[in-house]
Amino acid sequence: MNTDIKSKAYVYLRRSQDREDRQSLSISKQDAQVRQIITDNQLMPIYLPPEEMSAKKPGRPIFNDMVESIEQGKARYVVVWALSRLSRNSIDAGRVIYLLDTGQLLAIYTPTRVYRNTPDDKAFLAIELAFAKKSNDDLSVQVIESFGQKRERGEYPGPAPLGYSNAIIGPGKRNIVPHIEDAPRVLSLFTLASTGQYTLQDIWNKAYEFGLRTRSGKQLSKQTLADLLHRRMYTGVFKYGGDGWTQGTYEPLITVELYDQVQVAMGWVKPVKRAKTAKQNYPYKGIVVCENCGFNITAYTKPKVLADGRVETYQYYVCTHKSKVQVCKEPQVSKDIIEDEIYARACDYEMTTTEAEKCLEFVSKFYDEKLKQRNKYLDVWRVDHKKASDTIDYLDELLENRTISPERYKTRIIEHEATKVRTKQLIDGASQDAELWLELATEVFSGVVNVGDIFEHANDDERRQLMLMLGSNWTLGNKKVALTPRKPLDLLYQPTRNPDWRARPDSNRRSPP
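Residues numbered from 1 in each chain as written. Predicted model: local features only at pLDDT ≥ 70, side-chain atom pairs only at ≥ 80, totals over all residues. Heavy atoms only, no water.

## Here's the deal with the side chain of D182
Stage number 1. Considering the arrangement of structural elements, one finds D182 in helix α6 (residues 182-194).
Stage number 2. A relative accessible area of 13% places D182 in the buried class.
Stage number 3. In this view, D182 contacts L162, G163 and L212; residues no more than four positions away in its chain are not counted. (Helix = DSSP H or I, 4+ residues; strand = E, 2+ residues; numbered from the N terminus. Buried < 20%, exposed > 50% of the residue type's maximum accessible area, 1.4 Å probe, protein only. Contact = heavy atoms within 4.5 Å.)

## With respect to the pattern of salt bridges
Stage number 1. If you walk through the whole model with that rule in mind, you get 15 salt bridges.
Stage number 2. Across the pair K206 and E209 runs a salt bridge, and its minimum N-O distance is 3.9 Å. One end of the pair is K206 and the other is E209, both in helix α7 (residues 200-210) and three residues apart, which spans about a single turn.
Stage number 3. Relative accessible area serves as the criterion here: at 57%, E209 is assigned to the exposed category.
Stage number 4. Linked by salt bridges that have partners in common, E341, R345, D348 and K480 make up one network. (Salt bridge = Lys/Arg side-chain N within 4 Å of Asp/Glu carboxyl O.)

## Examining the confidence of the model for the chain
Stage number 1. When pLDDT is averaged along the chain, the result is 78; 80% of the residues meet or exceed 70.
Stage number 2. Segment residues 18-25: pLDDT under 50, and ten contacts once partners within four positions in sequence are set aside and those in other chains are kept. (pLDDT = per-residue confidence, 0-100.)

## A word on the sheet that holds strand β14 (residues 471-477)
Stage number 1. Read across the sheet, three strands follow the order β10-β14-β15 without closing on themselves; strand pairing throughout is mixed. Two strands close off the open sheet at either side, each with one partner strand: β10 (288-290) and β15 (480-485). Recorded for the sheet is a direction-independent mean angle of 30 degrees between the axes of neighbouring strands.
Stage number 2. Judged from the three bridges that link them, β10 and β14 form a sheet pairing that is parallel. When the sheet's bridge partners are listed, V289 is paired in β14 with T475.
Stage number 3. Helix-sheet contacts for helix α16 (residues 460-470) involve β10, β14 and β15, and the interaxial angle to β14 is about 110 degrees. (Pairing = 2+ DSSP bridges. Axes fitted to C-alpha atoms, helices over the stretch in contact; angles between N-to-C directions.)

## Overview of the environment of I342
Stage number 1. For I342, the location among the structural elements is in helix α10 (residues 335-348).
Stage number 2. Between the C-alpha atoms of I342 and M467, which are 125 residues apart in sequence, the distance is 8.1 Å.

## Observations concerning the sheet that holds strand β5 (residues 114-116)
Stage number 1. The strand order β2-β1-β3-β4-β5 describes an open sheet built from five strands, whose pairing is mixed. The open sheet terminates on both sides in strands that have one partner only, identified here as β2 (44-47) and β5. The sheet shows a mean angle of 25 degrees between the axes of neighbouring strands, taken without regard to direction.
Stage number 2. Bridge count between strand β1 (residues 8-12) and strand β3 (residues 77-80): four bridges; the pairing is parallel. Note on β3: the bridge partner recorded for V11 is V79.
Stage number 3. Lying on the sheet, helix α2 (residues 61-71) is in contact with β1 and β3; it crosses β1 at an angle near 170 degrees.

## Re α7
Stage number 1. Taken together, the buried positions of α7 are occupied by I203, W204 and A207. The buried residues of α7 occupy an angular sector of 105 degrees when the element is viewed end-on, so they sit on one face.
Stage number 2. Remark: G211 follows α7 within two positions and exhibits a positive phi of approximately 85 degrees. (Arc of directions from axis to C-beta.)

## Comments concerning the side chain of Q315
Stage number 1. Relative to the helices and strands, Q315 is located in strand β12 (residues 311-319).
Stage number 2. The buried category is assigned to Q315, whose relative accessible area is 18%.
Stage number 3. Discounting chain neighbours no more than four positions away, the residues touching Q315 are N281, Y282, P283, Y300, T301, V333, S334 and K335.

## A short note on the state of the cysteines
Among covalent bonds in proteins, the disulfide is the one between the sulfur atoms of two cysteines.
Stage number 1. In this structure the tally under the stated criterion is zero disulfides.
Stage number 2. Between C293, a cysteine without a disulfide, and C319, which holds the nearest cysteine sulfur, the sulfur-to-sulfur distance is 3.4 Å.
Stage number 3. When its relative accessible area of 14% is taken as the criterion, C293 is described as buried.
Stage number 4. Residue C319 is classed as buried on the basis of its relative accessible area, which comes to 3%. (Disulfide = S-S within 2.5 Å.)

Following this line, the structure appears as structure tokens:
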């Protein structure tokens, strides 16, 4: 092998967005800084074409080619402007770390740090790449939260339904208002439907006579008309995502009484069967699902007459068997078995006090370094926040002056609103997010100290809380329990650990009475 290969470095650049016109300056900024890294470290650069795909999920062609070339020994270094350019998903992050593990990649150079094949460097690299993924996840959450804030103000999210139109009701506030022509037509349809004297076909004909049309000017379909008469939002309440009903601040077109009359008159109201629940407390019901078919695990109590005449009751957990596409043959499991399984899973993630202290010592070191890095970006975030705010004000003026169409306005405003929300949260949390992260890490590592002992001596409610603390997606299959652990508990997984590994003379679970 040519010895020059050991100093060759791939220069990986990636735009933050897939569209070139939105991040053209990003590449020049990255290029200027990586060139300085190459000069300072006397590397032989191999310039790759800028990546045009997002790193949110695997499948970037240039990144994949680079990884394959490193595996073939064509270069031993990578230079990037920031680790977030390299990966924002767990699969690609794992590939990069594995290249360091195997020695195929000797180092990753960034403007702030060099990551080599050492335990500390790889640990910091894993955490940084995890933060890059978390930042990507947080952005989508922040956008959703901005719509959630709109919901809290009672403003209807999304395009206006038939009978309403979207409108600016104040500075930075938008809601729906009754359409001057379509609102009376929708009210007339509800009034006709409430009498019980018209079929859906009759009301559909009336809608055509009234001149009620879709946004594209076409006649309403019967299904669209039925959906319209089913929509409770016309009474002044609406749903956002999977949440419950929210009281809107827009003007309702119909009353609740009229809506209920329509549902009865059209024959759409069905009797609601109330589920019967036993008086016994089943602590693991509702938190565990069947691994075989994915439906809920239910529970029941079975009495048994013993030889001496006494009657004992036993609890059993079993799949609800509600799947209509497959026959679930999952057997029932006694409460004792399922508790032993949950206890064993808790022990898989258990730590001693000494182990927890070492983990917290490590994350405290990372916290100090992370706090210093975050503070360097405050000025950048403030500039981006001001630009987004100014642009939103400018677009509002264009819309009010009717120099931009509502469709064009909606397309452009989404990006700037997301930027404004994201940068504001970054600015507000610059001095707090690292502390919150440290508190979370402390809570997680402290929570699994001797968690097996805690579970064994806890009551039913406390055991449910411990299960939720450990993770989610608890499943029961073939009398075995599994879960998806909370991060970073997945790093502590030790499936070969004996549940009695911590047994001591003063705390042996199996000691005789």
